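So the chains spell out like this:
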Amino acid sequence: MFHGTITEELTSHEEWSHYNENIREDQKDFVFVKFNGLHLKSMENLQSCISLRVCIFSNNFLTDIHPLQSCVKLIKLDLHGNQIKSLPDTKFWSGLKNLKLLYLHDNGFAKLTNICVLSACPSLIALTMFDCPVSLKKGYRHVLVNSIWPLKALDHHVISDEEIIQNWHLPERFKACNHRFFFNFCPALRKEKMKHSEV
């Protein structure tokens, strides 16, 4: 188990030992990073990853994501299972013009007003916020759906017209969160599948 920073993890890991001397210069060319479940508390050295397109930092101890501000080419950002309680301002999100997938579930978000800053993210089409305190608030889906205009899916369900237009009632098959609108855009890896793929 590791409890340090990204650079310490990269430079101390056996598989990366031959890259140690050039690791900081080469970070600008990283397109994909995955630091899942490493108990990291900080992502401070990530700001040099200016070419980053996919960033997976799930199941760590992160509380601040400001170092991602320079990663303007991000398309997918997975931060689920951390200790994030607030999001950066609209300036941060408006800079992530290519961000389409954002996984924030299982964090400590409690206020809808803090989550509405995501409305500045111009290309965001899928968002997860389930298992956060904010997802238990009345009108949570309605507020997010009507704040983040490009959003097409929220918490495993495609957004229905009924959620966008207030007091509009549609037949059951078109209602919000109907099983027909279920879409698992962040499937978890199952141990069974991983075992079969190793064989």
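Residues numbered from 1 in each chain as written. Predicted model: local features only at pLDDT ≥ 70, side-chain atom pairs only at ≥ 80, totals over all residues. Heavy atoms only, no water.

Student: Quick question: what am I supposed to make of the environment of Y140 here?
Tutor: If you trace the backbone, Y140 turns up in helix α5 (residues 140-147). Sequence separation between Y140 and K111 is 29 residues, and the spatial gap between their C-alpha atoms is 9.8 Å. When near neighbours in sequence (up to four residues on either side) are disregarded, Y140 contacts L112, M129, F130, V134, S135, L154 and D155. (Helix = DSSP H or I, 4+ residues; strand = E, 2+ residues; numbered from the N terminus. Contact = heavy atoms within 4.5 Å.)

Student: What is the right way to look at the packing of aromatic side chains in this model?
Tutor: Two measures describe an aromatic ring pair: the distance that separates the ring centres and the angle between the ring planes. In the structure shown here, the tally under the stated rule is 2 aromatic pairs. Between F35 and F57 the ring centres are 5.3 Å apart and the planes differ by 45°, which places this aromatic pair in the tilted class. Taken together, the positions of F35 in the loop between β1 (32-34) and β2 (54-56) and F57 in the loop between β2 and β3 (76-78) put the pair 22 residues apart, joining distant regions of the chain. The exposure classification of F35 matches that of F57, with both residues buried. Here the aromatic rings of F92 and W93 are separated by 4.8 Å at their centres, their planes lie at 80°, and the arrangement is edge-to-face. For the pair formed by F92 and W93, the shared burial category is buried. (Phe/Tyr/Trp six-rings, centres within 6.5 Å; stacked < 30°, edge-to-face > 60°. Buried < 20%, exposed > 50% of the residue type's maximum accessible area, 1.4 Å probe, protein only.)

Student: Is there a simple way to think about the side chain of R141 in this case?
Tutor: Examined against the element boundaries, R141 turns out to sit in helix α5. At 2.7 Å, the side chain of R141 and the backbone oxygen of L154 are in polar contact. (Polar contact = N/O pair within 3.5 Å; in protein donor to acceptor, adjacent residues only side chain to side chain.)

Student: Mind showing me how you'd approach α5 here?
Tutor: One full turn of an α-helix is made of 3.6 residues, so residues set three or four places apart face in the same direction. Listed as buried for α5 are Y140, R141, L144 and V145. Projection of α5 onto a plane perpendicular to its axis shows the buried side chains occupying an angular sector of 115°, all on one side. (Arc of directions from axis to C-beta.)

Student: Would you mind showing me how to read the confidence of the model for the protein chain here?
Tutor: Close inspection of predicted coordinates is inappropriate in any region flagged by low pLDDT. With 67% of its residues at a pLDDT of at least 70, the protein chain reaches an overall mean of 80. In the predicted structure, residues 189-199 sits below a pLDDT of 50 and forms 1 contact with residues beyond four places in sequence or in another chain. (pLDDT = per-residue confidence, 0-100.)

Student: Would you mind showing me how to read the pattern of salt bridges here?
Tutor: Note on pairing: side chains with opposite charge can pair once their charged atoms come close. Inspection of every chain in the model, using the stated rule, returns 1 salt bridge. The shortest N-O distance in the salt bridge between D29 and K28 comes to 3.7 Å. Judged by its relative accessible area of 47%, D29 falls in the partly exposed class. With a relative accessible area of 42%, K28 lands in the partly exposed category. (Salt bridge = Lys/Arg side-chain N within 4 Å of Asp/Glu carboxyl O.)

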